Amino acid sequence: MSISSDAADVSTTTATSGTPLSADRIKHLEFIQAVVTRLGNNSFLLKGWAMTITAAILALSAGQLSWQIALSGTVPLLGFWSLDSYFLRQERLFRALYEDARRPDSTVEMLSMNVGPYLARVTLMKAAFSQTLVLFYGALLIAHFVVVLVAR
């Protein structure tokens, strides 16, 4: 199956104006997208490690009926939460850069990866207390506190 030249032209135009994007602009967008993908993958891996370590700590503390172990397990969990918040914030910053860079009339410097202009718009607290992170890490924290209460 081959792609027609019309289909190829669609990928190199903006959605709003139909103006063709230059090869440098497309490469810039690919660089930004690669960073967003890498940050999303890091976040996914952090969640996997958080689940694994939480399960191990809770199994150990429940097996020994030790509330101290369960309570101490909140420290790495909060560390994972903060790292995941950092990655989510960075991902949102690069998405904002992508949104500005994709426009034909963009003032973003070509091949610039500077997210400085978006720092005030995307705060770490907004990322840390986003619905997905609160639900995920909040549930794990609740599990820790349930084991603490049961083991006492």
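Note that the structure is a prediction, hence the values are computed from the model and not measured.

Calculation notes
- Residues numbered from 1 in each chain as written.
- Predicted model: local features only at pLDDT ≥ 70, side-chain atom pairs only at ≥ 80, totals over all residues.
- Heavy atoms only, no water.
- pLDDT = per-residue confidence, 0-100.
- Contact = heavy atoms within 4.5 Å.
- Helix = DSSP H or I, 4+ residues; strand = E, 2+ residues; numbered from the N terminus.
- Buried < 20%, exposed > 50% of the residue type's maximum accessible area, 1.4 Å probe, protein only.
- Salt bridge = Lys/Arg side-chain N within 4 Å of Asp/Glu carboxyl O.
- Axes fitted to C-alpha atoms, helices over the stretch in contact; angles between N-to-C directions.
- Parallel < 35°, antiparallel > 145°, perpendicular 65-115°, else oblique.
- Left-handed = near helix turned anticlockwise from the far one by under 90°.
- Nonpolar A, V, L, I, M, F, W, Y, C, P; charged D, E, K, R; others polar.

Caption draft 1: Main features of the confidence of the model for the protein. The predicted model of the protein averages 89 in pLDDT, with 88% of residues at 70 or higher. Long-range and interchain partners of residues 1-11, a stretch whose pLDDT sits below 50, account for one contact in this model, where long-range means more than four residues apart.

Caption draft 2: Looking closely at the environment of R89. The residue R89 is located in helix α4 (residues 74-101) in this model. R89 sits in the buried class, given a relative accessible area of 18%. Spatially, the C-alpha atom of R89 lies 5.5 Å from that of A127, the residues being 38 residues apart in sequence. Not counting residues up to four positions away in its chain, the partners in contact with R89 are L119, V122, T123, L124 and A127.

Caption draft 3: Representation of the side chain of E91. Checked against the element boundaries, E91 lands in helix α4. Relative accessible area serves as the criterion here: at 10%, E91 is assigned to the buried category. With residues up to four places along the chain from it excluded, the contact list for E91 reads V36, L39 and G40.

Caption draft 4: Representation of the pattern of salt bridges within the structure. If you walk through the whole model with that rule in mind, you get five salt bridges. Across the salt bridge formed by D84 and K47, the nearest N and O atoms sit 2.8 Å from each other. With D84 in helix α4 and K47 in helix α2 (residues 23-64), this residue pair connects regions lying 37 residues apart in the sequence. The buried category is assigned to D84, whose relative accessible area is 0%. In this structure, E99 and R102 form a salt bridge, with 2.9 Å as the shortest nitrogen-oxygen distance. In this structure E99 comes out as partly exposed when scored by relative accessible area, which is 34%.

Caption draft 5: Quick peek at the packing of α2 against α4. One way to put it is that α2 packs onto α4 with a least axis distance of 9 Å and a crossing angle of 165 degrees. With respect to each other, α2 and α4 are oriented roughly antiparallel. As α2 packs across α4, the resulting crossing turns out to be left-handed. Considered class by class, the residues forming the contact of α2 with α4 number 19 nonpolar, seven polar and five charged.

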